[in-house]
Amino acid sequence: HAAQAHMTDLMTITRFVLNEQSKHPESRGDFSILLSHIVLGCKFVCAAVNKAGLAKLIGLAGETNVQGEEQKKLDVLSNDVFVKALISSGRTSILVSEEDEEATFVDPALRGRYCVVFDPLDGSSNIDCGVSIGTIFGIYMMKANEEPHLEDVLQPGKNMLAAGYCMYGSSCTFVLSTGAGVNGFTLDPSLGEFIMTHPDIKIPKKGKIYSVNEGNAKNWDTPTAKYVERCKYPQDGSSPKSLRYIGSMVADVHRTLLYGGIFMYPADKKSPDGKLRVLYEVFPMSFLMEQAGGQAFTGKERALDLVPKKIHERSPIFLGSYDDVEEIKVLYAAEE
Ligand code: AHG
Ligand code: MN
Ligand code: MN
Ligand code: MN
């Protein structure tokens, strides 16, 4: 009967969030409504990704974004979907998207207490070859109730109320933290519902995988170069680590969360701030890692302590298993 009970006692993401909600009597359901709109956006993008090849949705959109990247059709489509879904939720005041140069200030008639920062489609370079891609988001509460201001989204990551990602791969997996641990849900296409499949995710304390673009090795600084060297030629007689690098942050982070190890996008001589964007890539993934018992480091400080000055600011990032990140912190401290 246990299996049957499991089958009929579906813990959907909606039910999960409402349960969480009941722990905060002061909340008026706004967060649940906001999250349901983010989930709707993910379901839409999941469907679009799954038929991208058929629906002529692969290839370039013919525009270039503020990052200087050629936008793919799915970058633009998913951005439109999330902006519209978030505005229509009536629970947001400011939106920051990788694909929009300026922050979106929501019309007063539709304003709510939350600010959402998001990467509508992460891993765009992998769209056309069918490799896993995703959506990443973080949620802040407005700092004060008066007029929304850019300061409301230039908060350190530790102020986020929630963060998560959706990975569009062999299955559609939604991973979320509202500040009390990390839970994973898998889309059941026959129900159109996300069902809890990974309760209370905890990252292994130490891993055997390192994940970095070795193609940038020529430009790495000493601590990064030393750390990667030790992964390949351990000095303590342990076996070398495996290298796994997918090139979609969502997929590399999801594997790191479940299997353990370290994911790195270090600074290099060409890009001294690394490549990944603070608000909608570094912060949400760092938030999740800490909530799962891991940690996230910029090479200088705890990633979530960083105070961004600009909405598309970048930062180097080392995140994953607690002990693995601790090792690289020691190497950077020795450099000071
Ligand atoms: P996006 O597709 O949203 O621009 O993000 C791509 C990012 C991230 O997903 C990944 O970790 C990184 O780019 C890979 O960069 P390299 O190809 O330079 O390794
Ligand atoms: Mn991009
Ligand atoms: Mn991205
Ligand atoms: Mn993107």
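Parameters and conventions
Residues numbered from 1 in each chain as written. Chains lettered and ligands numbered in written order. Predicted model: local features only at pLDDT ≥ 70, side-chain atom pairs only at ≥ 80, totals over all residues. Heavy atoms only, no water. UniProt positions renumbered as here; feature names shortened; annotations may be inferred. Helix = DSSP H or I, 4+ residues; strand = E, 2+ residues; numbered from the N terminus. Disulfide = S-S within 2.5 Å. Pairing = 2+ DSSP bridges. Contact = heavy atoms within 4.5 Å. Axes fitted to C-alpha atoms, helices over the stretch in contact; angles between N-to-C directions. 1 Å grid on protein atoms, 1.4 Å probe; cavity = no way out; pocket = protein on both sides within 12 Å on 5 of 7 lines; lining within 4 Å. Points joined across faces, edges and corners; volume = space filled by probe spheres on them. Nonpolar A, V, L, I, M, F, W, Y, C, P; charged D, E, K, R; others polar. Donors = N, O, S within 2.8 Å, 3.2 Å for Na, K, Ca; no water. Buried < 20%, exposed > 50% of the residue type's maximum accessible area, 1.4 Å probe, protein only.

Novice: Report on the UniProt feature "domain: Fructose-1-6-bisphosphatase class 1 C-terminal" (unreviewed entry) in the chain, specifying residues and quantitative values.
Specialist: UniProt marks residues 203–332 with the feature "domain: Fructose-1-6-bisphosphatase class 1 C-terminal" (unreviewed entry), using the numbering shown here. Taken as a whole, residues 203–332 contains 36% helix and 12% strand, while its terminal C-alpha atoms sit 23 Å from one another.

Novice: Residue-level account of the state of the cysteines, with values.
Specialist: This model, assessed by the stated rule, comprises 0 disulfides. Not engaged in a disulfide, the cysteine Cys115 finds its nearest cysteine sulfur in Cys42; these two sulfurs lie 19 Å apart.

Novice: An account of the sheet that holds strand 8 (residues 172–177) is needed here, citing residue identities and associated values.
Specialist: Hydrogen bonding along the main chain pairs the strands of a sheet, whether they run parallel or antiparallel. With mixed pairing, 8 strands are arranged side by side in an open sheet as 4-3-5-6-7-8-9-10. Among the strands making up the open sheet, the edge pair consists of strand 4 (104–105) and strand 10 (193–198). For strand 3 (residues 92–97) and strand 4, the ladder comprises 2 bridges, and the chain directions are antiparallel. In the strand pairing of strand 4, Ile94 is matched with Phe105. Of the strands in this sheet, strand 3, strand 4, strand 5 (111–122), strand 6 (133–141) and strand 7 (162–168) are in contact with helix 4 (residues 73–88), which crosses strand 5 at around 165°. Its contacts with the sheet put helix 7 (residues 278–291) on strand 3, strand 5, strand 6, strand 7 and strand 8, and the angle it makes with strand 6 is roughly 80°.

Novice: Go over the layout of surface pockets with me, naming the residues and quoting the values.
Specialist: Picture a little ball the size of a water molecule; that probe, rolled over the atoms, points out where space is still empty. For the largest pocket, the calculated volume is near 440 Å³. Lining the largest pocket are 25 residues; nearest its centre among them are Gly123, Ser124, Ser125, Gly247 and Lys275. Secondary structure elements with two or more residues in the lining of the largest pocket: strand 2 (70–72), strand 5, helix 6 (249–259) and strand 13 (262–265). When residues in the lining of the largest pocket are grouped by element, the largest group, 3 residues, is from strand 5. Class assignment for the residues of the lining of the largest pocket results in 7 nonpolar, 6 polar and 12 charged.

Novice: Let's hear about the coordination of the manganese ion (ligand 4): which residues, and what values?
Specialist: Protein coordination at the manganese ion (ligand 4): the donors are Glu98 (OE), Asp119 (OD) and Leu121 (O), at 2.0 to 2.2 Å from the metal. Written as a sequence motif, the donor residues of the manganese ion (ligand 4) are E-x20-D-x1-L. A separation of 3.7 Å is found between the manganese ion (ligand 4) and the manganese ion (ligand 2), both of which receive a donor from Glu98. Pair noted here: Glu98 is in the loop between strand 3 and strand 4 and Asp119 is in strand 5, with a separation of 21 residues, a long-range link. As far as the burial class goes, Glu98 and Asp119 line up, both buried.

Novice: Can you explain unusual backbone geometry? Please cite residues and give values.
Specialist: If you check the backbone angles, Asp200 has positive phi at about 50° while not being a glycine. Secondary-structure assignment places Asp200 in the loop between strand 10 and strand 11 (209–211).

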